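# Secondary and tertiary structure notes
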Amino acid sequence: MSQVPAQLRYSTTHEWVAQLVPGRYRVGITDHAQELLGDVVFVELPQTGQAVQAEAACGVIESVKAASDLYSPLSGEVVASNAELTDNPQWLNEDPYDKGWIFEIQADEKDFAQLLDAAAYQNSIGE
Amino acid sequence: MSEALERTALYSWHQAHGARMSPFAGWEMPLHYGSQLREHEAVRQAAGLFDVSHMRPLDLQGPAARSLLRRALANDIARLDAEPGRALYTCMLQEDGGILDDLIVYFLGGDRYRIVLNAAGARADASYLQDLAEEEGGVEFLRRDDWGILACQGPKAVAWAAEALALPELAALKPFRSVAPRADLFIARTGYTGEDGIEILARHGHLAAIADALLARGVVPSGLAARDSLRLEAGLNLYGQDMTTTDSPDRSHLGWTVDLRDPKRDFIGRSAIESERVQGPAQRLWGLLLPRDAIPRHGYELLSAAGETIGTVTSGSFAPSLGLGIALARLRADVGPDSAVFLQVRQRKVPARIVEPPFWRHGQAVYPAEESLPQ
């Protein structure tokens, strides 16, 4: 059974979203997502300044097995990305909610409020 | 596919050991037990255990068994005559030279042979061989559906298995040889990982005890995901991906498995192979090396410097033992190790180095990392 921290919000495409301050959000992939991917060996990060759309691909996560798109859970502008993942892609498996954060986005608070809460996400993955 | 997946005799054993199960060729098989990378590494450094019971043993016996297999298989089992227990890797071809399946055949002595078939084709292959046999008669078939197969692979595999099974004679078993210590146990020094190791055929009821004894010695349970990255590093083809009915052995880096030496042996596909050898194959299977930010995947295209499509990746993966992307790719026959080729990875065209497989052999990288990639 995978971890779904109660204080985070979630997308149906298996990203978690943490509010840093209203309007600024940190994004990563869920424990459930990393389990499905298997061992991650490369992450193509979204670029700072890049405009992204909710539910559109903004990067790539490569596991040993397969390449998977990384989706943005919100529309907005990328304001930071976790450059340490370039040398430590395994952090997505080992610590998906902390060291494995992927990018930060400036987005609308109303969109954030529409995301799934932990109970709804847990329900959506059948756990 | 609405058909229910088949389960091996070790299904609950896998669950008890934390396996993530996944459908493969009609079977529900362990994909990994937590980390593909850790299992891959265990096989390269020590030993891993794979349940490969989705592969199906089929025994053939009778006065016409030898002639049937000399006709059905592209490699010549006459090579096994002098040595019961010996094994041979071979393709089974269509008349047009396309590969129906690849398999290992063991000579059990007298007029008895055992073949081990891939999961996907096992049923069709068995009825194909039975149909062929009916034309001549004199062959009995016995499907070993009450047996499973475990592969114990890695530099420590044979020593640990010899202890675990209390069979010290395993240490002296040579590669591609087999031994049957009991009527219900068959062990061959074969595998699919590029490491030393054995494959153990035993009755369903004995498999869990064998697996437990191997784990107690230090063997690590390993899934199909690690098996795939290991076999690809070892340059071993996967049927259905690197070879299909539309590809001949010469197009699949398997020309060495076709035995044309006996001119009187009229095996199925022979004339197609002979004419292909006169003209040369239109395509060949090569290895590719790529940086880790451009991991090749099945179906990716290869382009020439001019942007023309010159081939396709048939199997691709990150190579854990090399830290690089590797692939098998079918390329136009005029393309080879000196050609400039580019892999189309999403929006980028990344230079790839063409090499002869394997990528990993005898416990080390064949192409050292510092000289692996194009400048």
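Residues numbered from 1 in each chain as written. Chains lettered and ligands numbered in written order. Predicted model: local features only at pLDDT ≥ 70, side-chain atom pairs only at ≥ 80, totals over all residues. Heavy atoms only, no water.

## With respect to the domain arrangement of chain B
All names here are of chain B. This is how it is decided: Per the annotation, domain bounds derive from an automatic or database assignment of domains. It only takes one pair of heavy atoms within 4.5 Å for two residues to be counted as in contact. As a working definition, buried area equals the accessible area (1.4 Å probe) given up by two parts on being put together, with both sides summed. In what follows, salt bridge is the name for a side-chain nitrogen of Lys or Arg lying within 4 Å of a carboxyl oxygen of Asp or Glu.
Along its sequence, chain B is organised into domain 1 (1-280) and domain 2 (282-371). At the junction of the two partners, domain 1 supplies 22 residues and domain 2 supplies 22 residues. Among the residues of domain 1 in contact with domain 2, Leu-232, Glu-233 and Arg-251 are the three that bury the most area, contributing 36% of the side total. At the boundary of domain 1 with domain 2, the tally comes to one salt bridge. Note that Arg-330 and Asp-247 form a salt bridge whose closest N and O atoms lie 3.3 Å from each other.

## Considering the packing of aromatic side chains
In plain terms, the rule: Only the six-membered ring of Trp is used, alongside the rings of Phe and Tyr, when aromatic pairs are assigned; centres must lie within 6.5 Å, and planes under 30 degrees apart are stacked while those over 60 apart are edge-to-face, with the rest tilted. Every helix listed is a DSSP run of H or I at least four residues long, and every strand listed is a run of E at least two residues long, numbered separately from the N terminus. Relative accessible area decides the class of each residue, using a 1.4 Å probe on protein chains only: under 20% of the type maximum gives buried, over 50% gives exposed, and in between gives partly exposed. Sitting over a ring, as applied to charges here, requires NZ of Lys or CZ of Arg to be within 6 Å of the ring centre and within 35 degrees of the ring normal.
Under the definition given, this model contains six aromatic pairs over all chains. Aromatic pair Tyr-25 of chain A and Phe-112 of chain A: ring centres 4.6 Å apart, planes at 20 degrees, arrangement stacked. You can see Tyr-25 of chain A sitting in strand β3 (residues 24-29) and its partner Phe-112 of chain A sitting in helix α3 (residues 109-114), a full 87 residues away along the chain. Neither residue differs from the other here; Tyr-25 of chain A and Phe-112 of chain A are each classed as buried. Ring geometry for Tyr-89 of chain B and Trp-256 of chain B: centres 6.0 Å apart, planes at 25 degrees, overall stacked. Here the residue Tyr-89 of chain B occupies a position in strand β6 (residues 87-93), and Trp-256 of chain B occupies one in the loop between α7 (224-233) and α8 (270-279), the gap between them amounting to 167 residues. The ring of Phe-186 of chain B has Arg-114 of chain B lying over it, and the distance from NZ or CZ to the ring centre is 4.6 Å.

## Re the sheet that holds strand β8 (residues 76-81) of chain A
Sheet strands associate in pairs through backbone hydrogen bonding, adopting either a parallel or an antiparallel arrangement. Residues and elements named next belong to chain A. What counts is decided by this rule: Note: two strands are recorded as paired if DSSP finds a minimum of 2 bridges between them.
The six strands lie next to each other as β1-β2-β3-β9-β8-β5, forming an open sheet whose pairing is antiparallel. Edge strands, defined here as strands with exactly one partner in the open sheet, are β1 (9-10) and β5 (51-52). In terms of strand pairing, β8 meets strand β9 (residues 103-107) through five bridges, oriented antiparallel. Each bridged residue has a counterpart across the sheet, and for Glu-77 the counterpart in β9 is Gln-106.

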